[in-house]
Amino acid sequence: MAPELQANILKSHGRRHTAQLFFRFGHGQQPAARLFLEEFAHTEITTAQQQQADTAQTKIDGQQRFVVTLLLSAAGYAYLDVPLDKRPGDARFAGGMKAANADLLDPPVATWDGGYQGAIHGMVLVALGERTRTRLDQHVRAIVKRLRHKSPKGDRLATVLCVEEGDSIQNDDGQDIEHFGYVDGISQPKFFVEEMAGLDTTNWDPLMPISLVLTPDPAGSVDNSFGSYFVFRKLEQNVRGFKEREKQLAKELFGDETSELAGAMAVGRFENGTPVTLSDDDVRIHNIPIPKPDLGKLNNFNYDTDPGQRCPFHSHIRKSTPRGDSVGLGDTLEGEKNRMMARRGIIYGHRFVHPNQAEFEEMPTKGVGLLFMSFQRDLAAQFEFIQRQWVNNAEFSRATPPTGLDPVIGQGPLPDGVQRYATTYGDPASTQAASAFGGFVTLKGGEYLFAPCMCFLRHATSAATQQQMAMQH
Ligand code: HEM
């Protein structure tokens, strides 16, 4: 299926820099829009097969290669007049992210960045692994020009609503970090056996079937044409607020505002990626070198022997991947793992002082954050379930006493005295409730999209012809 599938779904593009370009086709431009999709599929889009070949080639010649993908929203499918039975059928996709606003407890659309407030038809992702953005930006400008092309009558093919620039930052060990300073992207479902080489999976096996993220594309015209549902969320981070709260919590719990354990308990991992649930002894037993940990090894854990006295139930990673906490609450471990997503996010916003070195006054309160992106086969059962039933749900995974919200991305009422932490690491008797931690991440816009199979895009005009013929009958 690899020639029919777009890149970046089964394996991350892994590039340092990206551009996410959101567009809306112009009024009455359907024929030109379909032609654009066909040409773009032939000339620009990277298939999963190409991605694999490029990775191998880059290992040989060191040359960096672009990854380009194109995704459509439900409004985009409707605009293109794709027959209803050929459109991706997920009900949440059909509504779009704005329709999910109340369910997700998201901030009102009127507070989002302007580019996201109106209808979005699609997104183009361009990624490149070079040190600077120069060649990437040139390429993006050329795509913007194609999209804004004017017909002889003066009508534009599309409006470019916004272009988000993603630029990864690495820590001293060369690992990608997010703006609060923590290593990110460690825990992912894996789809290729070769990625499992050397991994100990006794406590957590990340190998998942590709059906976790792929679904047949109803518009596919050849066998094995698959697509994937995509979540995009621009999440602004108030770094200063978060780091200040970490310090206050450290003082409240341990009487020492320099203790890194408080922040680690909120996230579920220390800044260098070590899971809080693994004690020093565990880390030694697993022979994990600190401070340059082997991140793959740091994913072989679960919470079976940790009823909250090491890693709090509400910590970000425990809420978003409970690794068995939901077994018995109507879910099996297999069912729970079926909710995982392939995360493909990248951070945005320029910082002149490295996140791991910034003094308090040097930390931004806005303008930086995470472009959260994920692939899944079912929006309601995966992204939305995680955000609504786990992250935003104070009673998951324990109702008495309630667990509280995820301090990183939880949305909803955030009372003091609910989130609980063990003040002596590993001692359940020392567990106490603390003042509320949360509210430092704000949604600035987003959309649900679908990565169509290549054959639909390559034959976008003939798909439209079929539709017109069907209408004439
Ligand atoms: C600004 C927002 C966010 C920040 C700063 C953030 C930060 C992090 C960090 C530091 C990790 C640990 C690294 C790892 O295990 O890979 C992590 C893991 C994770 N995050 Fe986030 N994240 C954010 C948004 C989200 C959102 C919106 C979701 C989904 C609703 C999400 C779901 C996950 C999942 C599923 C994991 C893996 C947990 C595991 O498997 O143990 N994150 N995040």
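Going by an unreviewed UniProt entry, the protein chain carries the name Peroxidase and comes from Hymenobacter coccineus. Looking at the Cofactor (unreviewed entry) heading of the UniProt record, one finds this comment for the protein chain: "heme b".

Undergrad: Which residues make up the overall build of the protein chain, and what values do they have?
TA: Helix and strand counts for the protein chain stand at 15 helices and 14 strands. Relative to its 473 residues, the protein chain shows a buried fraction of 54%. Taking the contacts inside the protein chain whose residues are at least 6 apart along the sequence as the reference set, 74% of them involve residues at least 24 apart. A total of about 20,300 Å² of accessible surface is found on the protein chain, and carbon and sulfur atoms cover 51% of it. Counting 49 positive and 57 negative side-chain charges, the protein chain places the centres of these two groups 6 Å from one another.

Undergrad: I'd like to hear about the layout of surface pockets, residue by residue, with values.
TA: One number sums up the size of the second largest pocket: a volume of about 480 Å³. Mapped onto the lining of the second largest pocket, the elements with two or more residues apiece are helix H8 (239-254) and helix H9 (261-267). Among the elements that take part in the lining of the second largest pocket, H8 stands out by supplying 4 residues, more than any other. Residues that form the lining of the second largest pocket fall into these classes: 9 nonpolar, 6 polar and 7 charged.

Undergrad: Lay out the site of the ligand with the relevant residues and their values.
TA: Residues in close proximity to the ligand total 26 residues, the closest being Ile186, Ser187, His316, Arg323 and Arg343. The contact in question runs from an oxygen atom of the ligand to an N or O atom on the backbone of Ile186, over 2.7 Å. One of the side-chain N or O atoms of Ser187 is found 2.5 Å from an oxygen atom in the ligand. In terms of residues, the shell around the ligand owes the most to one element, helix H11 (residues 316-320), which gives 3 residues.

Undergrad: How would you sum up the domain arrangement of the protein chain? Please name residues and give values.
TA: As assigned here, the protein chain comprises domain 1 (17-170 + 199-234 + 449-472) and domain 2 (239-341 + 349-445). Placing the centre of domain 1 and that of domain 2 at their C-alpha centroids yields a distance of 31 Å. At the junction of the two partners, domain 1 supplies 42 residues and domain 2 supplies 39 residues. Together, the buried faces of domain 1 and domain 2 total about 3,800 Å²; carbon and sulfur atoms form 61% of this surface. Among the residues domain 1 hides against domain 2, the three largest losses belong to Trp204, Val231 and Arg233. Together they make up 21% of the total. Linking domain 1 to domain 2 there are 2 salt bridges. When contributions to the side of domain 1 that touches domain 2 are tallied by element, the ones reaching two or more residues are helix H4 (91-99), helix H5 (101-104), strand S4 (158-167), strand S5 (169-170) and strand S8 (226-237). It is S8 that provides the largest number of residues to the side of domain 1 that touches domain 2, a total of 7 residues.

Undergrad: Provide a residue-level description of the pairing of strand S2 (residues 67-72), including the pertinent values.
TA: Counting buried positions over the 6 residues of S2 gives 6, a clear majority of the element. Side chains Val67, Thr69 and Leu71 project from S2 onto one buried face, and the interleaved Val68, Leu70 and Leu72 project onto a second face that is buried too. Alignment of S2 against strand S3 (residues 122-128), held across 6 bridges, turns out to be antiparallel. Paired with Leu71 across the bridge in S3 is Met123.

Undergrad: Please provide a residue-by-residue account of the coordination of the iron atom of the ligand, values included.
TA: Looking at the protein side alone, the iron atom of the ligand has one donor only, His316 (NE2), at 2.1 Å. Locating His316 in the fold gives a position in helix H11.

Undergrad: Can you explain the side chain of Ser374? Please cite residues and give values.
TA: As for its position among the elements, Ser374 is in strand S11 (residues 369-376). The residues touching Ser374, leaving out its near neighbours within four places in the chain, are Tyr229, Phe230, Val231, Met341, Ala342, Arg343 and Arg344.

Cut-offs and rules
Residues numbered from 1 in each chain as written. Predicted model: local features only at pLDDT ≥ 70, side-chain atom pairs only at ≥ 80, totals over all residues. Heavy atoms only, no water. UniProt positions renumbered as here; feature names shortened; annotations may be inferred. Helix = DSSP H or I, 4+ residues; strand = E, 2+ residues; numbered from the N terminus. Buried < 20%, exposed > 50% of the residue type's maximum accessible area, 1.4 Å probe, protein only. Contact = heavy atoms within 4.5 Å. Areas by Shrake-Rupley, 256 points an atom, 1.4 Å probe, with all protein chains shown as cover. Lys, Arg positive; Asp, Glu negative; His and termini not counted. Charge placed at Lys NZ, Arg CZ, Asp CG, Glu CD. 1 Å grid on protein atoms, 1.4 Å probe; cavity = no way out; pocket = protein on both sides within 12 Å on 5 of 7 lines; lining within 4 Å. Points joined across faces, edges and corners; volume = space filled by probe spheres on them. Nonpolar A, V, L, I, M, F, W, Y, C, P; charged D, E, K, R; others polar. Near = heavy atom within 4 Å. Polar contact = N/O pair within 3.5 Å; in protein donor to acceptor, adjacent residues only side chain to side chain. Domains from an automatic or database assignment. Buried area = accessible area lost by both parts, 1.4 Å probe. Salt bridge = Lys/Arg side-chain N within 4 Å of Asp/Glu carboxyl O. Pairing = 2+ DSSP bridges. Donors = N, O, S within 2.8 Å, 3.2 Å for Na, K, Ca; no water.

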